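One letter stands for each residue in the lines below.
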Number of protein chains: 2
Amino acid sequence: MTEITASACCSPTCCSLDISGVDQERLVAMFKALGNPIRFEILKFLVAHPGCITGDIVDYLPIAQATVSQHLKVLREAGWISGVTEGPARCYCLNAENIAWFREQITQIMS
Amino acid sequence: MTEITASACCSPTCCSLDISGVDQERLVAMFKALGNPIRFEILKFLVAHPGCITGDIVDYLPIAQATVSQHLKVLREAGWISGVTEGPARCYCLNAENIAWFREQITQIMS
DNA sequence: TGCATTTATCGTATTTATACGATAAATTAT
DNA sequence: ATAATTTATCGTATAAATACGATAAATGCA
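Colleague: Before we move on, can you summarise the relation of the copies chain B and chain A with the specific residues and values?
Modeller: Here two copies of a chain appear, and what relates them is a rotation about an axis with a shift along it. Between the two copies, chain B and chain A, the superposition gives an RMSD of 0.0 Å; the rotation angle is 180° and the shift along the axis is 0.0 Å. Here the two chains are linked by the operation of a two-fold rotation axis. Scanning chain B for the C-alpha nearest the rotation axis identifies Phe31(B), at a separation of 2.4 Å. Comparing interface residues between copies, 100% of those in chain B also lie at the interface in chain A; the contact surface is shared.

Colleague: Go over helix H2 (residues 21–34) of chain B, please, and point to the residues and values.
Modeller: Spanning 14 residues, H2(B) covers 20 Å between terminal C-alpha atoms, matching the ideal 20 Å at 1.5 Å per step. Every buried residue of H2(B) is accounted for by Gln24(B), Leu27(B), Val28(B), Met30(B), Phe31(B), Ala33(B) and Leu34(B). Packed against the buried residues of H2(B) are helix H2 (21–34), helix H3 (37–48) and helix H6 (96–109) of chain A together with helix H3 (37–48), helix H5 (65–78) and helix H6 (96–109) of chain B.

Colleague: Describe the interface of chain B and chain A, and please don't skip the residues or the numbers.
Modeller: Every contact between the two is made by 51 residues of chain B and, on the other side, 51 residues of chain A. Our enumeration of links across chain B and chain A arrives at 0 salt bridges. Along the contact surface separating chain B from chain A lie 8 residue pairs in polar contact (both at pLDDT 80 or more). Where the side of chain B that touches chain A is concerned, the elements lending two or more residues are H2, H3, strand E2 (89–94) and H6 of chain B. For the side of chain B that touches chain A, the leading source of residues is H3(B), giving 8 residues. Considering only residue class, the side of chain B that touches chain A consists of 34 nonpolar, 11 polar and 6 charged.

Colleague: Explain the protein's contact with DNA strand D to me, and be specific about the residues and the numbers.
Modeller: Near DNA strand D you find 23 residues, and of these Lys32(A), Ala64(A), His71(A), Gln65(B) and Arg90(B) are the closest. Counting only atoms of DNA strand D within 4 Å of the protein, the sugar-phosphate share comes to 66%. Separating a phosphate oxygen of DNA strand D from a side-chain N or O atom of Arg39(A) is a distance of 3.0 Å. Take His71(A): an N or O atom from its side chain is 2.5 Å from a phosphate oxygen of DNA strand D. Contributions of two or more residues to the surface near DNA strand D are made by helix H5 (65–78) of chain A together with helix H4 (54–60), H5 and E2 of chain B. The biggest single contributor to the surface near DNA strand D is H5(B), with 5 residues. The class makeup of the residues in the surface near DNA strand D is 9 nonpolar, 9 polar and 5 charged.

Colleague: Help me get a handle on the side chain of Thr54(B), residues and values and all.
Modeller: Summarising the element assignment, Thr54(B) is placed in helix H4. Contact partners of Thr54(B), with chain neighbours within four places excluded, come to Val68(B), Leu72(B), Arg90(B) and Tyr92(B).

Colleague: Residue-level account of the protein's contact with DNA strand C, with values.
Modeller: Looking at DNA strand C, there are 23 residues lining it, with Gln65(A), Arg90(A), Lys32(B), Ala64(B) and His71(B) nearest. Near-protein atoms of DNA strand C (within 4 Å) split between backbone and bases, with sugar and phosphate holding 67%. In the model, a phosphate oxygen of DNA strand C is placed 2.6 Å from a nitrogen or oxygen of the Lys32(B) side chain. Taking Ala64(B), its main chain carries an N or O atom lying 2.7 Å from a phosphate oxygen of DNA strand C. Residue assignment for the surface near DNA strand C shows that the elements contributing at least two residues are helix H4 (54–60), H5 and strand E2 (89–94) of chain A together with H5 of chain B. With 5 residues, H5(A) is the single largest residue contributor to the surface near DNA strand C.

Rules used throughout
- All residue numbers here refer to positions counted from 1 along the written sequence of the relevant chain.
- Chains and ligands are labelled sequentially in the order written, the chains with letters from A and the ligands with numbers from 1.
- Reporting of local features is limited, given that this is a predicted model, to residues whose pLDDT is at least 70; pairs of side-chain atoms are given and counted only at 80 or more, and all residues count toward the totals for whole chains, interfaces and linings.
- Where side-chain values are given, they derive from all heavy atoms of the structure, hydrogens and water being excluded.
- When the copies are superposed, the least-squares fit takes in the C-alpha atoms of residues with a pLDDT of at least 70 in both.
- In this analysis, two residues are considered to be in contact whenever any of their non-hydrogen atoms come within 4.5 Å of each other.
- Secondary structure counts use DSSP, requiring at least four H or I residues in a row for a helix and at least two E residues in a row for a strand, with both numbered from the N terminus.
- By definition here, a helix of n residues has an expected span of 1.5 Å times n minus one.
- Think of it in three bands: with a 1.4 Å probe and only protein chains considered, a residue is buried below 20% of the maximum accessible area for its type, exposed above 50%, and partly exposed in between.
- Whenever Lys or Arg places a side-chain nitrogen within 4 Å of a carboxyl oxygen from Asp or Glu, that contact is recorded as a salt bridge.
- Here a polar contact is recorded for every N or O atom pair within 3.5 Å, except that within protein the pair must consist of a potential hydrogen donor and a potential acceptor, and residues adjacent in sequence are included only if both atoms are side-chain atoms.
- Side-chain classes are defined by residue name, with Ala, Val, Leu, Ile, Met, Phe, Trp, Tyr, Cys and Pro counting as nonpolar, Asp, Glu, Lys and Arg as charged, and the others, Gly among them, as polar.
- When we say a residue is near a molecule or strand, we mean one of its heavy atoms is within 4 Å of it.

What follows is the structure, encoded as structure tokens:
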């Protein structure tokens with residue numbers, strides 16, 4: 001195993017990444033879900049339009065309704081958003097708890 | 001546009017996601033790169049073995065050398081790591097500056 | 001009940017990601 | 001120069017992601 005001193009090419013420890021098991025999988029899944037520009041735009045739209053319905057997001061984005069539905073499913077399953085049935089429509093919101101969890105994990109493991 | 005009160009299904013604003021243009025693309029690229037369990041493991045390995053060479057990571061992971069090299073390229077291009085040529089080998093480290101940038105972006109836009 | 005509205009799912013086409021073996025490229029040592 | 005070591009790249013096979021139209025499912029209303 002090559003072990004060189006930090007001064008040779010590395011900065012001093014910048015993060016611990018101390019996370020494991022279930023939490024790590026959950027975190028990676030959240031990373032994966034948000035690693036897509038369309039889905040990031042959906043999150044931003046939900047900040048500006050909390051409680052809007054799927055159709056509003058479909059109108060906003062330049063992609064088909066079926067595709068939007070798929071993206072919403074990915075974001076839901078990763079925990080970024082939650083959807084509440086409102087009649088035949090579905091009202092979407094950011095999932096504040098999970099987002100807070102994500103932020104806390106990042107601040108913890110990346111310092 | 002359906003606009004309902006926050007109380008109906010949404011928590012109070014939990015994040016601004018106030019980011020745009022180049023920064024947003026950079027952030028999404030970092031999300032995408034780390035949204036893979038192998039690449040997350042590589043980062044964790046680099047925390048424990050700063051300055052190790054590609055071969056050490058290859059020995060550690062249960063995948064082929066060519067595949068590891070691809071993953072390292074993804075992490076490099078996203079800014080998570082940096083590699084310094086050390087003779088015929090390449091010494092890898094976490095990219096502290098970019099990681100700090102990521103952490104700061106998250107704390108800023110997710111609160 | 002029947003119809004309109006809204007969203008999810010199905011089937012499928014295309015693109016991208018992931019993985020591997022083989023080989024090339026770069027460096028060091030002989 | 002040759003050989004050994006190390007990593008990157010090429011070509012390619014397979015899996016996963018992304019996209020769409022069509023259709024089903026669920027709900028509310030006439």
